[in-house]
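Architecture and fold: a report
One letter stands for each residue in the lines below.
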Amino acid sequence: MLRVALKDLLARKRRLVTTSIAVVLGIAFLTGTQLLSATLSSSIRSLVGDVYQGVDAVVRSSKTTDTPFGQPLRTPVDESLLPEVQRVDGVAVAQGVVEATGSQLIGPDGKVFGGGIGPPTITYNWTTDSIMGEGAVREGRGPIRDDEMALDFTSASKLGARLGDQVKVATLKQGVRSFTLVGTVGLGSSGDRSTGAKPMFFTTPVAQAISGEVGKYNYVVVKAASGLSQRDIADRLAEALPGQQVVTGAAFVKENQEQISKFVDILNTFVSVFGWIALFVAVFIIYNTFSIIVQQRTRETALLRAVGARRRQVLGAALLEAVVVGLIASVLGLVLGIVVATSLVHLMENFFTVSGGVAMPTVATFVFAVVVGVGITVLSALIPSWRSTRIPPVAALGEVSVDRADSSRARTAWGIVVLVAGGLLIAAGLAQLGPNPLVLVGGGAVAVLVSVALVIGPTIASPISRLLARPVARFAGVAGHLAGENAARNPRRTASTAAALTIGVTLVTLIAIVATSIRESADQAIDNSIRADFVVANADVTSLGSIPNDLLGKVRALPTVAVASPMRFGLMRLLDAKARARAEGVTTTVPTGTFGVSNDAPPGDDIPVLGIDPATWFDVVGAGSMQGSPRDLGPNTMAVVKSFAEDRGWRLGQEIPVFFGATGLQELKVALIWDQNIGQGNVWLPLGTFSANQLPIFDADYQIYVKARPGASDAELRRQLDALVKDLPTVTVQDLQQYAAAQTGPIDSFLAVVYGLLGLAIIIALIGISNTLSLSILERTRELGLLRAVGMSRRQLRRTVRFEAAIIAVFGALMGLVLGIVFSAALSVSISARNPGLFTYHLPVVQLIVITVVAALAGLVAAWVPSRRAAKLDVLRAIAAP
Amino acid sequence: MTITASTDVAAAGAIDARKVYGEGDTEVRALDGVTVSFERSRFTAIMGPSGSGKSTLMHCLAGLDRLSAGRVFIGSTYLDDLSEGQLTELRRDKIGFVFQAFNLIPTLSAAENITLPMDLAGRKPDTEWMNQVIETVGLRSRLSHRPSELSGGQQQRVAVARALASRPEIVFADEPTGNLDSRSGSEILQFMRHAVTDLHQTIVMVTHDANAAAYADRVVFLADGRIVTEMADPTAASVLDMLKQIGD
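Just so it is clear, the structure is predicted and the values come from calculations on it, not from any experiment.

Further remarks concern the overall build of chain B. Counting its regular elements, chain B contains 9 helices and 10 strands. Its C-alpha atoms give chain B a radius of gyration of 18 Å, near enough to 18 Å, the size a compact globule of 248 residues would have. Projecting the C-alpha coordinates of chain B onto the three principal axes gives extents of approximately 50 × 40 × 35 Å. A buried classification covers 53% of the 248 residues belonging to chain B.

The structure is reproduced here in structure tokens:
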């Protein structure tokens, strides 16, 4: 029996290949991301380890503040801590470290170097004989005078700066400053390895001043006297300095590694999701292929049964094929995964320096690939294989029957049950019920897709195929008609082939709709609420704080300006009853820390807050009707949008306990409640209150809204504003259209990536269509021969096959469109519920039509090879085929 | 040789047709110099033991296969000069086919199967002629049925109707009754006879059944790739006699 199965397998190599492709691609993505992760982790580990290898202990403040843009900020310590540390017994060397983000290198083009992407540019103070490892001089020397700096040698060479050159830096607090490059540094004793980051070194006072931390260090590093372990010295320091947090060098290294790993993990999760989607698509294709094979082999199987094969042997033979396909596909997938990882690492090199090349697959990776690959293949082949055991021996004698979907009531009922269950799961997930809403939504979506593919699809496949064929038949005549009938003749096959495409199209549709809705809603909100003519803004989030404090005054001084109103951006933690209940109930899956406030703060909800100037703000934004007055916004007050206040049960005049990273627990009075939610945050603090409570990095104008004097020309105002920011590389002037585009710009670049990755799922689905058609053609050999004999031209035959593919593809795309629209509607209800008045549902009709047309064209392409093969059939042999 | 296969009398024919498979020791001469013509409005049967080349002759006459040497023609057209595309058009427009089995496209109704060649050509069928054909084969009530809903005999009748529907120059039938019981078989043969006598169609039928051959006006006997003899106005008995002689 084994021999029979293996021989059969070898006789059909091509089928083996096409079946495997789907699994190969899925496995390639999954293992590729694993390898990428391993590569980056080991690279990061060694990098961070090297940087801090001389550090035995670190003394720092125990308070941290998370930022919305990256790593948490730790409250700095006063310079006076350094001599205290140095006095502790057992300390051989102690050095104060300034380590700050926010300042940027300026490239030769006058813009921020590296465009704000890539590893962060970090400001350090230069310490001679530093015990940290990142500052070994490679060329020149460290900065001694206040107009000198040193750079990592790779950044210097990318920047094209040589020793003695002037390098411009957009500093966080002091505008653009120019420094003489006096040295390049690197890792290792001779500084010949790149750190992969973009460190800039200045003298200590300069590093402190440009990052707004005058007289402060971010932490103090300690080298212990010989004979003392890291633990020993840490214990002594902790005892001597009870107000500070002390960690060992090893713990500090680990912490830093984990921080960077987090980013890599997010990236990995993101990419693996698409690997799993690809595998999910593969399931349908394998299921389909095996179903067709089993059916085509009916006679053969029956003959085996007739000569004495047991059911179990028949099942074994069918599953063996699945195992072999899965095994080959897993191994090929793993090989391709190495290629994927290599190209991803290549891509990553813009962000990290990857040392030591791409990690090779470990035994664990190999086992993972094989288990997942074989598992998925066998699982998908299980139902068709089991069906093959139901073939009675007597079938060997009869004609091969044509597959008809059993539209039995039980089947339909089950389909509806699964569909409804899926719908409920999605609803529950969107309503944030249960500990893991994302899993609910995902599981629900899978249930809906499975029921659509296996039950709903087959029920509607025939009528819809015929409907779709009608316009085709009008211009392509009988070829179109036959294509429709061929798609309709085997509804189960058509449905499961189309379902593979449905998955990709559902996701594309969903994302397109949500993205469009977000974009349109933002545009609408800006149209409705912003009364300014221009917005002076940071070029991007990494240049937070780069609008200098004196810019506002200069703008206000322009004769063409009627109003200029500043807006600052910060964070606040809410500690009211609702926030506490939520924090205790752990009902959210949103990663905590995204808008987190402080690691030692009481639990609560972290929200962004805007700092505004009450006197001018309401001239540049439309806030609708108000309770209270802007004049009431004095010290320790805040303004809240009505929907948010209602949600929290806050009333005008109420004192609300809140927590700030810089100042801890505060009480703020609700002095104004405004009506119209305009997408500018839920809580506004008057600038005085804002500045008193925020960390320095937030306490700078984020945007300035500018309104022209009546009669003044916009062009003139624009020219004047442009002139004011000429020397500020990280500040832009936007009119309202540009402002709206800048708000939604990141969505577009994110979409491009997502579409690219979903393209993979769609390509796999197309391979599935191609595969199904090849098998169908094999099955219809005699029929095709007959058609050719009675006068169908090769071209007509090719068109018949291609139109069939297009009809299947459009059918799949239409199911995807419907699901995508339904899912997005559900999602938008949930988004609107949480952001009242801010989110409106928009259907991008043109885009959806384009998706459908592209699917049809893709179907034509998928049918290219099968259609040519069909047209090449030898008529005589085809007619004589068994 | 006196080859005067006059194309204005004959609906189809072959001139010194040769078909060789393989080479050297394995060479098989399926057709070894066959010259024959088929007159218009006549029902001709081609007979011979298996391996005699009768099917090969028919396939080459019908443009399904090509000769190694010699010529075949349909009406005034020599097939050997035609490209693959032209051959397809010729089959579609000038030739009708009835095969032994699997004559119909399972996804099309009986009516759609009948008009298939004309649909492929993008031509409107001649309604009057269609009615006549459908009347002849007696299928009126079954036109909307799919092949799977028809009996074997009914399916063959649809096939005959399709072969006649485009008023072809000639109809080729390859063992049209081979898969049928004798009653359905004789029904089909009667329809074909009727189509020749009353509708003036030209039919060439390959068969090894003497009873079927008896419906023809003329029988051509083949053996070893050559025409051995022929017989006009055959009866089942005379055909059987002749087959015996050839077999000896």
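Before going further, it helps to spend a moment on the interface of chain A and chain B. In this complex, chain A contributes 22 residues to the contact, which on the side of chain B involves 24 residues. Across the chain A to chain B interface the summed buried area is about 2,000 Å²; carbon plus sulfur atoms make up 68%. Between chain A and chain B we count 2 salt bridges in total. Among the salt bridges present, the one from Glu485 of chain A reaches Arg146 of chain B, with a minimum N-O distance of 3.1 Å. Counting across the interface, chain A meets chain B through 7 residue pairs in polar contact (both at pLDDT 80 or more). Mapped onto the side of chain A that touches chain B, the elements with two or more residues apiece are helix H13 (478–489), helix H22 (781–789), helix H23 (794–834) and helix H26 (875–880) of chain A. Across the side of chain A that touches chain B, the residue classes tally to 10 nonpolar, 5 polar and 7 charged.

Time to look at the sheet that holds strand S5 (residues 91–97) of chain A. All names here are of chain A. In space, the 4 strands of this open sheet follow the order S5-S15-S1-S16, with antiparallel pairing throughout. Two strands close off the open sheet at either side, each with one partner strand: S5 and strand S16 (245–248). Here the average twist between neighbouring strands, direction ignored, is 20 degrees. Bridging between strand S1 (residues 57–60) and strand S15 (residues 219–224) involves 3 bridges; their strand directions are antiparallel. Considered in S15, the bridge of Val59 is made with Val220.

Another point: helix H25 (residues 864–872) of chain A. In an α-helix, one turn spans 3.6 residues, which is why side chains three or four residues apart end up on the same side. Residue and element names in this part refer to chain A. Every buried residue of H25 is listed here: Pro866, Ser867, Ala870 and Ala871. Looking straight down H25, one finds its buried side chains confined to an arc of 135 degrees; they lie on one side. Packing partners of the buried residues in H25 comprise helix H21 (736–779), H22, H23 and helix H24 (845–862).

Now for the pairing of strand S13 (residues 198–202) of chain A. Residues and elements named next belong to chain A. Buried residues dominate S13, accounting for 5 of its 5 residues. Both faces of S13 are covered, namely the face carrying Lys198, Met200 and Phe202 and the face carrying Pro199 and Phe201. Relative to S13, strand S8 (residues 121–125) is paired through 5 bridges, and the arrangement is parallel. Residue pairing for S13: Asn125 is matched across the bridge by Phe202. Note that strand S10 (residues 148–152) and S13 share 2 bridges and pair antiparallel. Across the sheet, Leu151 pairs through a bridge with Met200, a residue of S13.

This part is about unusual backbone geometry. Glycine aside, residues mostly have negative phi angles, and peptide bonds mostly take the trans form. All names here are of chain B. Phi is positive for Ser41, close to 55 degrees, though the residue is something other than glycine. By the secondary structure assignment, Ser41 is in the loop between strand S2 (28–39) and strand S3 (43–47). Of note, the phi angle at His200 is positive, near 60 degrees, even though the residue is not glycine. Position of His200 relative to the elements: it lies in the loop between helix H7 (182–197) and strand S8 (203–206).

All names here are of chain A. Together, Val331, Val335, Val363, Phe366, Val367 and Val371 line one region of the surface with nonpolar side chains, adding up to about 530 Å² of accessible area. Of all the elements in the fold, those that place two or more residues in the nonpolar patch are helix H9 (311–348) and helix H10 (363–389). Ranked by residues supplied to the nonpolar patch, first place goes to H10 with 4 residues. In this structure, Val371 sits in helix H10. For Val371, a relative accessible area of 54% puts it in the exposed group.

Residue and element names in this part refer to chain B. Chain-level pLDDT for chain B is 87 on average; 96% of the residues reach the 70-or-more range. For chain B, per-element mean pLDDT is lowest for helix H5 (residues 127–137), which scores 85, and highest for S8, which scores 94. Every residue in residues 1–7 scores below 50 in pLDDT, and together they form 9 contacts with partners more than four places removed in sequence or on other chains.

Residues and elements named next belong to chain A. Their axes nearest at 8 Å, the elements helix H12 (residues 437–476) and H23 cross at an angle of 130 degrees. With respect to H23, the axis of H12 lies oblique. Here H12 and H23 pass one another in a crossing that is right-handed. Residues of the contact of H12 with H23, tallied by class, amount to 20 nonpolar, 2 polar and 1 charged.

Once that is clear, we can look at the packing of aromatic side chains. Overall, the coordinates contain 16 aromatic pairs over all chains when judged by the stated rule. With 5.8 Å between their ring centres and 65 degrees between their planes, Phe73 of chain B and Tyr78 of chain B make a pair best called edge-to-face. One aromatic cluster is present, built from ring pairs that chain together Trp617, Phe618, Trp674, Trp684, Tyr705 and Tyr739 of chain A. The ring of Phe153 of chain A carries the charged tip of Arg138 of chain A above its face, separated from the ring centre by 3.9 Å. A cation over an aromatic ring shows up here: Arg802 of chain A above the ring of Trp864 of chain A, its NZ or CZ 3.7 Å from the ring centre.

Whenever strands of a sheet pair, they do so through backbone hydrogen bonds, lying parallel or antiparallel. Residues and elements named next belong to chain B. With mixed pairing, the 6 strands of this open sheet are ordered in space as S6-S7-S8-S3-S9-S10. If you trace the sheet from one side to the other, it starts and ends with strand S6 (95–98) and strand S10 (226–232), each paired once. Strand-to-strand twist in this sheet, taken as the mean axis angle between neighbours without regard to direction, amounts to 20 degrees. Both strand S9 (residues 218–223) and S10 contribute to a ladder of 6 bridges, which runs antiparallel. When the sheet's bridge partners are listed, Val220 is paired in S10 with Glu230. Sitting on the sheet, helix H2 (residues 84–94) touches S6 and strand S7 (170–174), and the angle it makes with S6 is about 80 degrees. Sheet strands touched by helix H6 (residues 152–165): S6 and S7. Its angle to S6, the strand with the most contacts, is close to 170 degrees.

So, on to the side chain of Gln156 of chain B. All names here are of chain B. Tracing the chain through its elements places Gln156 in helix H6. When its relative accessible area of 4% is taken as the criterion, Gln156 is described as buried. If we skip the residues at most four places from it in the chain, Gln156 touches Val98, Phe99, Gln100, Asn103, Pro176, Leu180 and Ile188.

So, on to the packing of H21 of chain A against H24 of chain A. All names here are of chain A. Relative to each other, H21 and H24 sit at 40 degrees, their axes nearing to 9 Å. For the element pair H21 / H24, the angle class is oblique. Here H21 and H24 pass one another in a crossing that is right-handed. Where H21 approaches H24, its residues Tyr755, Leu766, Ile769 and Ser770 are matched on the opposing element by Gln847, Ala858, Gly859 and Ala862.

A few words now on the pattern of salt bridges. In the structure shown here, the tally under the stated rule is 37 salt bridges over all chains. Taken together, the shared-partner salt bridges connect Asp16, Arg18, Glu27, Arg29, Asp32 and Arg226 of chain B into one network.

All names here are of chain A. The share of residues in chain A with pLDDT of 70 or more is 87%, and the mean pLDDT across the chain is 81. Note on residues 400–405: pLDDT under 50 across the span, and 11 contacts to partners over four residues away in sequence or across chains. Considering only residues more than four positions removed or in separate chains, one finds that residues 583–599, a stretch of pLDDT under 50, has 37 contacts.

Before going further, it helps to examine H13 of chain A. In a regular helix each residue adds 1.5 Å, so 12 residues correspond to 16 Å; H13 of chain A covers 16 Å between its end C-alpha atoms and thus fits that length. With 11 of its 12 residues buried, H13 of chain A lies for the most part within the structure. All buried positions along H13 of chain A are accounted for by Val478, Ala479, Gly480, Leu482, Ala483, Gly484, Glu485, Asn486, Ala487, Ala488 and Arg489 of chain A. Considering only its buried residues, H13 of chain A is in contact with H12, helix H14 (491–529), H22 and H23 of chain A together with helix H4 (116–121) of chain B.

Residues and elements named next belong to chain A. Taken together, the side chains of Arg794, Arg868, Arg869 and Lys872 define a basic patch exposed on the protein surface. For the positive patch, the element with the highest residue contribution is H25, accounting for 3 residues. Following the sequence through the fold, Arg868 ends up in helix H25.

Cut-off values and rules
Residues numbered from 1 in each chain as written. Chains lettered and ligands numbered in written order. Predicted model: local features only at pLDDT ≥ 70, side-chain atom pairs only at ≥ 80, totals over all residues. Heavy atoms only, no water. Helix = DSSP H or I, 4+ residues; strand = E, 2+ residues; numbered from the N terminus. Rg over C-alpha atoms; globule rule 2.2 N^0.38 Å. Buried < 20%, exposed > 50% of the residue type's maximum accessible area, 1.4 Å probe, protein only. Contact = heavy atoms within 4.5 Å. Buried area = accessible area lost by both parts, 1.4 Å probe. Salt bridge = Lys/Arg side-chain N within 4 Å of Asp/Glu carboxyl O. Polar contact = N/O pair within 3.5 Å; in protein donor to acceptor, adjacent residues only side chain to side chain. Nonpolar A, V, L, I, M, F, W, Y, C, P; charged D, E, K, R; others polar. Pairing = 2+ DSSP bridges. Axes fitted to C-alpha atoms, helices over the stretch in contact; angles between N-to-C directions. Arc of directions from axis to C-beta. Patch = residues over 30% accessible without salt bridge, like charges linked within 9 Å, V, L, I, M, F, W, Y side chains within 5 Å. Areas by Shrake-Rupley, 256 points an atom, 1.4 Å probe, with all protein chains shown as cover. pLDDT = per-residue confidence, 0-100. Parallel < 35°, antiparallel > 145°, perpendicular 65-115°, else oblique. Left-handed = near helix turned anticlockwise from the far one by under 90°. Phe/Tyr/Trp six-rings, centres within 6.5 Å; stacked < 30°, edge-to-face > 60°. Lys NZ or Arg CZ within 6 Å of the ring centre and 35° of its normal. Expected span 1.5 Å × (residues − 1). Lys, Arg positive; Asp, Glu negative; His and termini not counted. Charge placed at Lys NZ, Arg CZ, Asp CG, Glu CD.

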